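Remarks on the overall topology
Each chain, written out:
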Amino acid sequence: MSSDTVKHFHYKLFKPYGYLSQFMSNAKHEQKKKFLGELYDFPKGTMAVGRLDKDSEGLLLLTTDGQISYTITSTAVEKEYYVQVDGDITNDALEQLKKGVDLSHKKDTYTTKTCKAYKLIEVPDFPERGKNIRDDRHGKTSWISITITEGKFRQVRKMTAAVGFPTLRLVRVRIGAITLEGLNYGEVKEMNSLV
């Protein structure tokens, strides 16, 4: 059977808080952690397209087609996040995010690419998270949208911290033209294509 006739499967998932963006681990220290395979009976060979760390939620794409995964992660596909930050974010901080901020990763320092960032007027209507987030009794919080085309390790969290507004909750809402719309928390939907 040629590779052109292999049937591939594609999914979108509303990843809940606390799950790793992988299917299993042989590491003893990760045996008690939650994995994607607990949410749905994915076919063998399914892989996450990019990742969301354990503490992040939202849109995760999955596929059995490695070429599509490579295309989405290696090109300038927009990824939009709704981020709850500690404090009432300022216009100055938003401008810094847009222009790019200096971050460190391992022993290197890099400047993030320009991005889109703005304050959300209304609080997004996301389900309650499994682990409580501090409330306004401990000081103001605000929600912002950040859209990036890169995705280094914990980049959005590092970006908001760099401008003085640490991330409290992070939810990816869009990858390219695919959005969270129509998905419940923890729900998986099969798709015809991801591109």
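Preceding this section is the structure that the text describes.
What comes next concerns the included structure. (Residues numbered from 1 in each chain as written. Predicted model: local features only at pLDDT ≥ 70, side-chain atom pairs only at ≥ 80, totals over all residues. Heavy atoms only, no water.)

1. Details of the side chain of S21
Heads up, the condition is: Only DSSP runs of H or I with at least four residues qualify as helices, and only runs of E with at least two residues qualify as strands; both kinds are numbered from the N terminus onward. Side-chain atoms alone can form a polar contact between residues adjacent in sequence; in general such a contact is a pair of N or O atoms within 3.5 Å, and within protein one must be able to donate a hydrogen while the other accepts it. Two residues qualify as a contact provided that any one of their heavy atoms is within 4.5 Å of a heavy atom in the partner residue.
Relative to the helices and strands, S21 resides in the loop between β2 (19–20) and β3 (34–35). A polar contact of 2.7 Å, which involves the side chain of S21, links it to the backbone oxygen of L52. Once you skip the residues sitting within four places of it in the chain, S21 turns out to touch K15, L36, A48, R51, L52 and L60.

2. Quick word on helix α3 (residues 155–162)
Formally: The buried label goes to any residue with under 20% of its type's maximum accessible area, the exposed label to any with over 50%, and the partly exposed label to all in between, with areas taken from a 1.4 Å probe on protein chains only.
Listing the buried residues of α3 in full gives Q155, V156, R157, M159 and T160. Here the buried face of α3 lies against β6 (79–86), α2 (91–99), β7 (102–105), β8 (108–111), β10 (141–148) and β11 (167–175). Just beyond α3, the residue with positive phi is G164, at close to 90 degrees.

3. Brief notes about the environment of K44
Tracing the backbone through its elements, the reader meets K44 in the loop between β3 and β4 (47–49). Taking C-alpha positions, K44 is 7.9 Å from T64, a pair spaced 20 residues apart along the chain.

4. Details of the environment of T73
With respect to the element layout, T73 can be found in helix α1 (residues 66–74). Residue classification places T73 among the partly exposed positions, given a relative accessible area of 44%. A sequence separation of 50 residues divides T73 from V123, and the C-alpha atoms of the two residues are 29 Å apart. Setting aside residues no more than four positions away along its own chain, T73 makes contact with V49 and G50. Only 2.9 Å separates the side chain of T73 from the backbone oxygen of S69, close enough to count as a polar contact.

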